[in-house]
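So you can see what is in the structure, the chains are spelled out below.
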Amino acid sequence: MDKKFVISLIGAPASGKGYIASSLVNELQTKYHMAANDIKDISVGEMIRREKKANTPLGQELAANMKEGGLAPDRIVNKMLLKALDEVNAKVLILDGYPRTVGQVKTFDKLMENYSSAVIFRDTPKELILERVKNRRICEKCGKAHDVGDGICTDCGGKLVMRKDDSVLPERLAEYEEMTKPAVIELKNEGKNFFWYEGTAEGEDIAESFLKANEKYLA
Ligand SMILES: [Zn+2]
């Protein structure tokens, strides 16, 4: 591989992008014989949460510029991403949740100048997402994910609560419709290396067909 391969993963919040990412990692390791440190999964959402939690200068800038569950400003996300791309030594980078606004699509080309890249878009209907998330909880005490059950963590007895970003999911979905859908259309229209998958498609199947179609970037 002469260039690093960047895979952008976009789709509605809670549409199972993490599941696709882990399927990609799995497929890259088993079928393409990559080592774990050849692959780096970068979740933009997690990166933002981490910066905010660590209260870095970037984190403070983020906290000051976004509301709970809202999107971070393009300028800061781009800055953060450039830094991450520079620091990472892996051959394949999975960018979970980028680009997700028209503004980010516009800088995407520039960011990708020295990389091979492709976009995976998972098109999941809103109803399916709301249904999936309805019973999803995390433990207040140990942080593990569980189904709501009787509201008590089966591992530690802690109380199960909704994830903060799940409780604002309707707002996030509305924001997705308004901000990200146009970005998806833009990506598609620009003739990017763009792959569309249905929301019901299995992560494993997506990973398999996507990587097969992009084999030339992995050789
Ligand atoms: Zn627990």
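Before reading on, note that the structure itself is shown above.
Enquirer: Explain the sheet that holds strand E7 (residues 160-161) to me, please; I cannot follow it from the model alone.
Expert: Consider a sheet: its strands pair through backbone hydrogen bonds, and that pairing is either parallel or antiparallel. Strand order in the open sheet formed by 3 strands is E6-E5-E7, with antiparallel pairing between adjacent strands. This sheet does not close on itself; its edge strands, each paired only once, are strand E6 (145-147) and E7. With 2 bridges connecting them, strand E5 (residues 136-139) and E7 associate as antiparallel partners. Along E7, the bridge assignment pairs Cys139 with Leu160.

Enquirer: Please clarify how helix H5 (residues 102-111) should be interpreted in this entry.
Expert: Since one α-helical turn is 3.6 residues long, residues separated by three or four positions face the same way. Turning to H5, its buried residues number three or more, namely Gln104, Val105 and Phe108. Axial view of H5: buried residues confined to an arc of 100 degrees, hence all on one face. The outward face of H5, more than 90 degrees from its buried face, is lined by the exposed residues Asp109 and Lys110. Buried residues belonging to H5 abut helix H4 (74-87) and helix H8 (169-189).

Enquirer: Please explain the sheet that holds strand E2 (residues 39-43) as it appears in this structure.
Expert: Taken in spatial order, the 5 strands line up as E2-E3-E1-E4-E8 in an open sheet, and their pairing is parallel. What marks the edges here is a single partner per strand, and that holds for E2 and strand E8 (194-198). Strand-to-strand twist in this sheet, taken as the mean axis angle between neighbours without regard to direction, amounts to 20 degrees. As judged from the 5 bridges shared by strand E4 (residues 116-123) and E8, these two strands associate in the parallel manner. In the strand pairing of E8, Arg122 is matched with Tyr197.

Parameters and conventions
- Residues numbered from 1 in each chain as written.
- Predicted model: local features only at pLDDT ≥ 70, side-chain atom pairs only at ≥ 80, totals over all residues.
- Pairing = 2+ DSSP bridges.
- Helix = DSSP H or I, 4+ residues; strand = E, 2+ residues; numbered from the N terminus.
- Buried ≥ 20, exposed ≤ 12 C-beta atoms within 10 Å, placed from the backbone.
- Arc of directions from axis to C-beta.
- Contact = placed C-beta atoms within 7 Å.
- Axes fitted to C-alpha atoms, helices over the stretch in contact; angles between N-to-C directions.

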